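One letter stands for each residue in the lines below.
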Amino acid sequence: MNTPPAPLVDLGNLRVTFRLSDRTVPAVRGVSLTVGEGEAVGILGESGSGKSVTGRTLLGLLRTPPARIEVDHLRFRGEDLSAAVTRPGFSGQATKRFAMVFQNPFTALNPVFRIGTTLCEVLVKRRGMSRADARRAAVDLLDAVHISDAGNRLRSYPHEFSGGMQQRIMIALALALEPEVLIADEPTTALDVTVQARILDLLREIQRERRMGMIFISHDLDVVSEVVSRVYVMYAGRIVETGPVDELSRRPRHPYTQGLWASAPRLDRYKTRLPAIPGNPPAPGHAPPGCAFHPRCRLATDICAQERPEPRPVADGALVACHHLDRAAQERETV
C-alpha cells in the first residue's frame, strides 16, 4: 500500500499572543492546518478572527516581541521549522518558501518608485540577478500577470495604474520570489466586482500553472469557493469548521459557518431581507469561556458557555467544533 505524500505545509497548534503595556492579548489560539502540493486552501472568518495573523506568522512578518509565537510543529516538505518560526529572523527563511499578496495595493506599492525599480530591486536582492537580467525578468513577470506593453509599463508609477492593475503588480512582486506557497490576504477586497473576478481568475491560473500551494484568506465564502478546494473557518482565533469547499458550501454544519453562508446575497432571494449573525465577534483577548461563538449562537445552551467543543469528524473529511451538531443539521435549512 502506497503511503500518501506528506503535505507541503503542516502547521500544528499555532498560538500567537501580543504583549501590550498592561496585558497580553491572544490572537491565534491553537490553529492547525495543512496545504498539499499544488493545493489551494482557504481561511475564512470575520475581522479579528486571527486569519491574517496566521498568514503573517507563516511568512515571518510578526515582530517578536511584541508578538510571542508558540507552535507544536511547523513542517515544510518535511523540514521542521518549529524552532525557527518562534524566533526573530524567521522571515529570511520564510521568504524562500512563502510570498504574500496583500489586501490593498494602493498602500503596498511605494508611490515614489517606478514599477520597474520596485520589481528589479526584489530580483537583484533576493535572487542575485544582474540589473539587465532583472529587467528582462521583470518584463516576463508583468507578462505573466497579463499587463500589456510590459517593457514600457516598467517606467510607470503606481498611480498610473488602475486598482486591478496594481493588484496584478503585487502578484508579480510575489512571484518574483519564486515562492512554493502563495498567501493571498483578502486580495480582492479593495476592488469592484468585475475586477475582482479577473484577479480571482488570474490567481487560479497562476497557482495551477506553477503548481504552487496557496492559502487564500477572506471573509467571503463565495469568493473563497472560486479559488480553493478546502476551507478552514476561523472564529476568535480558533478553527471551528474545516472541510472540502463544495461540501461546506452545500452543507455548512457549524452555526457560525451557516450564518456566514446565509448572510451572503443571492440572486434567487433578492426580495427577502438578508439574515445577519446577531451581535459582534469578541475583541481579541476578550473571548468568552466555552465556545467563543455561544453569545451569538441560536443553539447555545449551558454547556456551550462552560466547555470548549473539540473538533469532531463528520462526513467527507470535515471537522466541526460544536456541541450541537445534530440540532445544527436539523435547523440548517431555516438559517
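From a predicted model like this one, the values you see are computed outputs, not experimental measurements.

**Regarding the pairing of strand β3 (residues 40–44)**
- Counted residue by residue, β3 has five buried out of five residues, so it is predominantly covered.
- The side-chain alternation of β3 yields two buried faces, one formed by A40, G42 and L44 and the other by V41 and I43.
- Direction of pairing for β3 relative to strand β9 (residues 213–218): parallel, over a ladder of five bridges. Bridge pairing links I43 to I217 in β9.
- In terms of strand pairing, β3 meets strand β10 (residues 230–235) through four bridges, oriented parallel. Residue pairing in the sheet places L44 in a bridge with V233 of β10.

**Comments concerning the state of the cysteines**
- Inspection of the entire model under this criterion finds zero disulfides.
- Between C297, a cysteine without a disulfide, and C322, which holds the nearest cysteine sulfur, the sulfur-to-sulfur distance is 6.2 Å.

**A few points about the nonpolar core**
- Core analysis: the largest hydrophobic core is formed by 59 residues, its most contacted members being L119, I171 and F216.
- Counting residues per element, this core draws most heavily on helix α8 (residues 163–176), at eight residues.
- Excluding anything up to four places from it in sequence, I171 contacts V101, V145, I199, L202, L203 and I206.
- In this structure, L8, L59, L62 and I217 belong to the second largest nonpolar core, which totals 32 residues.

Rules of the game
Residues numbered from 1 in each chain as written. Predicted model: local features only at pLDDT ≥ 70, side-chain atom pairs only at ≥ 80, totals over all residues. Heavy atoms only, no water. Buried < 20%, exposed > 50% of the residue type's maximum accessible area, 1.4 Å probe, protein only. Helix = DSSP H or I, 4+ residues; strand = E, 2+ residues; numbered from the N terminus. Pairing = 2+ DSSP bridges. Disulfide = S-S within 2.5 Å. Core = buried A, V, L, I, M, F, W, Y, C linked by side-chain atoms within 4.5 Å. Contact = heavy atoms within 4.5 Å.

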